[in-house]
Amino acid sequence: MDKKMYLKALFVMLLVVLPLSLGFTQNKSEKIWITTILKEKFLDKEGNPLTGKGVVVGDVDSGIDIFHPMFFFADGGEFNWIDVDKDGKFSPGIDAVDFNKNGKAGVDEILQFLEIKNNTYTLISTKKNMYEPDMDFLYMDVNGNEIRDYGEKNGFTERDATYGEQLFISLDKNKNNKLDVNEKLVALKTSKVKAIREKNGNIRRRGLDLIKAEPDSIGHGTGVCGIICGGHCGVQKLHGFAPDAEIVMANIKYDYTPRFVRNFPDMLKFLRNENINILLFEDGEWMWEFMDGSTEEEQLSDEMARDGITVVGGAGNLADGNMHIKDNIKAGQEYTYVFTSPKEAEGKKNDGSFVSFLWTQPDNFITFKVTDPDGKTTKELKSGSKFFNNGNYNIFYQREVSPRGTVMFKFGFSEVDSGAVDGKWKITVKPEKDVTIDGFIVDVTQSWSGSTRWIGNKITSEGTVTFPSTSDSIIAVGAYTVNYEWPGFGALNDLCSYSGVGYNISGKMGTDICAPGHTTFTSATNFEYSIFSGTSAAAPHVVGTVALMLQYDPTLTHGQIRRILWQTASTDSFTGTVPNTNWGYGKLNPEAALKYIIKK
């Protein structure tokens, strides 16, 4: 299995690029479901199609590929094309677009096509080396090199439409998936991306310097945005819910040790100042986090929700990673929990493991003892903060209490000579009073898969919804499997095995609603389409639905939208009676949500 399947890279993600030989299966009674395309057409109050027009989404994520054709509006005008060789069909490199509208084919108007690589395997059938209007794009090959040139490296500037050689889509009027004589072309022009806050804090803006934006090095944000607003309705076979919505990105910077993301407040303030309508968190954290709604970033997201911004986040992919334990422990008794750390994980030396225990009685002082892989045990640790040497290992600990009274006892483990924290570790706890504790673990890989993991019978998926989707207001979205079953990840239409479940430590039901999250399809970097999975794929389904709702009724508040999504969610034999702590209120039903607001 490709390591990208589980590499957290600190995102709420599962970006799947897997070989066909892995052996997924499809329920033969089901057709492939492109989950971002509604089963019905909806119009706004003026009779225009609901496409997200006028809605701005703020995405806290890895970035976006601003050069992907799916992220340009079709606002460059309509043009005829010229059948230069008079053969009645489109011939790349010969036929031309009448861009200057003089009725002649200029040498700088010759058309080539940009074939979007299909990494969805057999899920979306494409023909290689053949222009297909529902999957590919045309461009004017101005210099005749048969390569689409774009970006500053090829001499283009912010003023150039599509930041490169002009892109076009075809209006396939007869729906035969060919460019026929007399069918029109529409030029793409303006980026759907309004602004990007880069990892270092620089801000790039459309019309000023967006062309200079840093790339989406992981590809996660590009996949998310494809689900929300990629492509063009009625043109591409695969497009997002709200192709006319706009995007503002806040690119996440990660640190090597916890807290892994320390600048959430800066990103949220930037997005709020950009007048976004929807805020999407595409990150899931659990290490050295209180996860009780008390942090500055959680409070800021609550404030934004009160101000009318709809706040959405993935529930996280932590449920089956063996990185969470829960136990009811009795006063004065000792309990020992064991975890193992590998020497190497995710292709890197594992030189740091981290643990945090949470409980909700600040006057209950639990004592901790750590036994390292060499069998050397620390003295009792109860309060305060300290960094000390324990034989061949360095240990850091600190006891903290959140503004809401959640206690965190956190640890950091490393080897004295910067070696690996390889081996079996034991943590022994003894409480003063009876209490329920939650124990979380991770290492420097920050992987959902749990390369460093607990062992024993206290491992549970209950309570695995991750921060910042633990805020009071956020609409936390779980994931279920569609299209193809992948061994070990959940049956078709059932909850994904990794999707966070249970109550938050604050007592809030962790997941609000679930959406398609495993084997969905979207845009990918380097001019590709791909499979995209995880609660990171589920959350933008909710965002896309909300964008359509807000186009129809911009006065809807966060609270109203949340209740509508709850009330219109679907139930079946998998969800059971709702609400419950696995599914929340059930499966997202975009059509029902839209009908609700249209009829009200």
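Concerning the overall build of the chain
What the chain contains, in helices and strands, is six helices and 30 strands. In terms of C-alpha radius of gyration, the chain reaches 26 Å, essentially the compact-globule figure of 25 Å for 600 residues. Its C-alpha atoms put the chain at 90 × 55 × 50 Å along the principal axes. Counting across all 600 residues of the chain, residues that qualify as buried make up 60%. Relative to all contacts within the chain whose residues are 6 or more apart in sequence, the contacts with residues 24 or more apart total 72%. Total accessible area on the chain stands at roughly 22500 Å², and carbon and sulfur atoms take up 48% of it.

Here's the deal with the layout of surface pockets
The calculated volume of the largest pocket comes to roughly 510 Å³. Forming the boundary of the largest pocket are 19 residues, of which I37, K41, C233, G234 and H239 lie nearest the centre. Residues that form the lining of the largest pocket fall into these classes: ten nonpolar, six polar and three charged. Considering only enclosed or pocket space, the second largest pocket measures out at about 410 Å³ in volume. Forming the walls of the second largest pocket are 23 residues, and the residues nearest its centre are W33, K39, Y480, V482 and P516. The class makeup of the residues in the lining of the second largest pocket is eleven nonpolar, six polar and six charged.

Let's talk about the nonpolar core
Ranked by internal contacts, the top residues of the largest apolar core, which has 77 residues, are I66, F137, V477, V542, M549 and L565. When residues in this core are grouped by element, the largest group, eleven residues, is from helix α4 (residues 535-552). Every residue in contact with V542, bar those within four places of it in the chain, is listed here: V312, I475, V477, I513, L565 and L588. Core analysis: the next-biggest nonpolar cluster, separate from the first, contains 66 residues, V261, F388, V429 and I437 among them.

A closer look at helix α6 (residues 590-599)
Regarding α6, the residues found buried are P590, E591, A593, L594 and I597. Looking straight down α6, one finds its buried side chains confined to an arc of 165°; they lie on one side. Its buried side turned inward, α6 meets α4 and α5 (558-568).

Things to note about the pattern of salt bridges
For the coordinates displayed, the defined rule picks out 23 salt bridges. For E40, the salt bridge identified is with K595, shortest N-O distance 2.8 Å. Here K595 lies in helix α6 and E40 lies in the segment before β1 (56-61), a separation of 555 residues in the sequence. Assessed through its relative accessible area of 36%, E40 is described here as partly exposed. Salt bridges sharing partners connect three or more residues here, namely E198, R204 and D209.

Observations regarding the packing of α5 against α6
Viewed as axis vectors pointing N to C, α5 and α6 meet at an angle of 120°, and their least axial separation amounts to 9 Å. It follows from the interaxial angle that α5 and α6 lie oblique. Considering how the two elements wind past one another, α5 and α6 form a crossing that is right-handed. Contact residues: I564, L565, Q567 and T568 in α5; A592, A593, Y596 and I597 in α6.

A word on the confidence of the model for the chain
For the chain, per-residue confidence averages 93 on the pLDDT scale, and residues scoring 70 or more make up 94% of the total. Low pLDDT (under 50) marks residues 1-29, which in the prediction has 99 contacts with non-local residues, meaning those over four places away or in another chain.

As for the sheet that holds strand β20 (residues 367-371)
Taken in spatial order, the four strands line up as β20-β24-β16-β26 in an open sheet, and their pairing is antiparallel. Where the open sheet ends on each side, the last strands, each with one partner, are β20 and β26 (453-455). When strand polarity is set aside, the average angle formed by the axes of neighbouring strands in this sheet is 30°. Relative to β26, strand β16 (residues 335-341) runs antiparallel, the two sharing three bridges. Paired with V338 across the bridge in β26 is I455.

Conventions and cut-offs
- Numbering of residues starts from 1 in every chain and runs along the sequence as written.
- Totals for whole chains, interfaces and linings use all residues, but because this is a predicted model, local features are given only for residues with pLDDT of at least 70 and pairs of side-chain atoms are given and counted only at 80 or more.
- Processing note: side-chain calculations cover all non-hydrogen atoms of the structure and skip hydrogens and water entirely.
- Strands are runs of DSSP state E lasting at least 2 residues, helices are runs of H or I lasting at least 4, and numbering of each runs from the N terminus.
- What the globule rule says is 2.2 Å times the number of residues to the power 0.38, and the radius of gyration is computed from C-alpha atoms.
- Burial classification: accessible surface area is computed with a 1.4 Å probe over protein chains only, and a residue below 20% of its type maximum counts as buried, one above 50% as exposed, and the rest as partly exposed.
- The criterion used for residue contact is that any of the two residues' heavy atoms lie within 4.5 Å.
- In this description, accessible areas are obtained by the Shrake-Rupley approach with a 1.4 Å probe, and a residue is regarded as covered only by the protein chains that are shown.
- Think of a 1 Å grid over just the protein atoms. A cavity is a set of points where a 1.4 Å probe fits yet cannot get out, a pocket is an open set with protein on both sides within 12 Å along at least five of seven lines, and lining residues have an atom within 4 Å of a point.
- Grid points are joined across faces, edges and corners, and a volume is the space filled by probe spheres set on the points.
- In this classification, the charged set is Asp, Glu, Lys and Arg, the nonpolar set is Ala, Val, Leu, Ile, Met, Phe, Trp, Tyr, Cys and Pro, and all remaining amino acids, among them Gly, are polar.
- Note on terminology: a nonpolar core comprises buried Ala, Val, Leu, Ile, Met, Phe, Trp, Tyr and Cys residues joined through side-chain atoms within 4.5 Å.
- The arc in question is traced by the directions running from the helix axis to the C-beta atoms.
- For salt bridges, the criterion is a side-chain nitrogen of Lys or Arg within 4 Å of an Asp or Glu carboxyl oxygen.
- Inter-axis angles, ranging from 0 to 180 degrees, are taken between N-to-C directions of lines fitted to C-alpha atoms, where helices are fitted over the stretch in contact.
- Angle categories are assigned with fixed cut-offs, so that under 35 degrees is roughly parallel, over 145 is roughly antiparallel, 65 to 115 is roughly perpendicular, and the rest are oblique.
- Each crossing gets its hand from how the near helix is turned against the far one by less than a right angle, where anticlockwise is left-handed and clockwise is right-handed.
- Confidence per residue, as judged by the predictor, is encoded in pLDDT with a range of 0 to 100.
- Note on pairing: two strands pair once DSSP finds at least 2 bridges between them.

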